Amino acid sequence: MGDMAKSRSNSAFERLTDQLSRLPGIGRRSAERIAFYLLKASTQEAEALAEAVLAFKRDQKVCAICGHVTESDPCPICADEQRDAGQVLVVEQPSDVASLEQTGVYRGVYHVLMGRLAPLEGVGPGELNIDRLVARVREGRVREVILGTNPTLEGDGTALYLAEQLEAMGVKLTRLARGIPTGSLLAGASKAVLSDAIQSRHAMEDG
Ligand SMILES: [Zn+2]
């Protein structure tokens, strides 16, 4: 009986750490740290986490067109006929869309990669929403692809990779202007800086 109780408590710990360690960027050691944190946390806090995960899965949808995460598919931006579907701004994360939308200056649509190329972390083109971007361009209605990955080493590398994939397809390729300091993230930039970055974007070949 005692053994059974023991194996049951072991298994709850193991089940949680197994699940956590499947999450991107969380190894076994981090999973155990989170499990011990939750062990000491209040029941309320653990419930809030569990409910947030379930509500997220229930309510959030990934837009089949652009990969943005909202509560509808297609997302409100792709569904908006007032937006220019011929202009596609490529960003790393859904939060980048939110930051750029706050400027109110951009009237095109987006494409969310869900990350950036990071060979050292094992993130290659197959892990990102790139095939769908190539397919969108191939469909022929896209005039301009604005590469809006972060101005970091990996963001720039991702932009270069995308430019290589798309340049033979007859689409205009531009990069957000460098108002955003190198090494920083779009999500932290002010509205004014982001507005300027959109309006002063430049052709990819200008560097
Ligand atoms: Zn969309």
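What comes next concerns the included structure. The model shown is predicted, which means the values in this text are computed figures rather than measured ones.

1. Description of the overall build of the chain
And then number 1: Scanning the chain from N- to C-terminus turns up 8 helices and 7 strands.
And then number 2: Considering only C-alpha atoms, the chain reaches an extent of 70 × 35 × 35 Å along its principal axes.
And then number 3: Of all 207 residues assigned to the chain, the portion counted as buried reaches 25%.

2. Structural notes on the nonpolar core
And then number 1: Counting 34 residues, the largest nonpolar core has Val-88, Leu-89, Val-90, Val-91, Tyr-110, Val-145 and Leu-147 as the members making the most contacts within it.
And then number 2: For this core, the secondary-structure elements that each account for two or more residues are strand S3 (84-91), helix H5 (94-103), strand S4 (108-112), helix H6 (131-138), strand S5 (144-147), helix H7 (153-166) and helix H8 (191-199).
And then number 3: Here this core gets 4 residues from one element, more than from any other, and that element is S3.

3. Digging into the sheet that holds S5
And then number 1: Taking strand neighbours across the sheet as the criterion, the 5 strands line up as S4-S3-S5-S6-S7 in an open arrangement whose pairing is mixed. Looking at which strands have only one partner, the edges of the open sheet turn out to be S4 and strand S7 (202-203).
And then number 2: Relative to S7, strand S6 (residues 172-175) is paired through 2 bridges, and the arrangement is antiparallel. For Arg-175, the partnering residue across the bridge sits in S7 and is His-202.

4. Points about the packing of H5 against H8
Helix-helix packing is characterised by the crossing angle of the two axes and by the distance between the axes.
And then number 1: Interhelical geometry of H5 versus H8 gives an angle of 90° and a closest axis separation of 8 Å. With respect to their mutual orientation, H5 and H8 come out roughly perpendicular. Along the contact surface, H5 presents Ser-99, Leu-100, Gln-102 and Thr-103, while H8 presents Lys-191, Leu-194, Ser-195 and Ile-198.
And then number 2: The residue makeup of the contact of H5 with H8, split by class, is 3 nonpolar, 4 polar and 1 charged.

Conventions used here
Residues numbered from 1 in each chain as written. Predicted model: local features only at pLDDT ≥ 70, side-chain atom pairs only at ≥ 80, totals over all residues. Helix = DSSP H or I, 4+ residues; strand = E, 2+ residues; numbered from the N terminus. Buried ≥ 20, exposed ≤ 12 C-beta atoms within 10 Å, placed from the backbone. Core = buried A, V, L, I, M, F, W, Y, C linked by C-beta atoms within 7 Å. Pairing = 2+ DSSP bridges. Axes fitted to C-alpha atoms, helices over the stretch in contact; angles between N-to-C directions. Parallel < 35°, antiparallel > 145°, perpendicular 65-115°, else oblique. Contact = placed C-beta atoms within 7 Å. Nonpolar A, V, L, I, M, F, W, Y, C, P; charged D, E, K, R; others polar.

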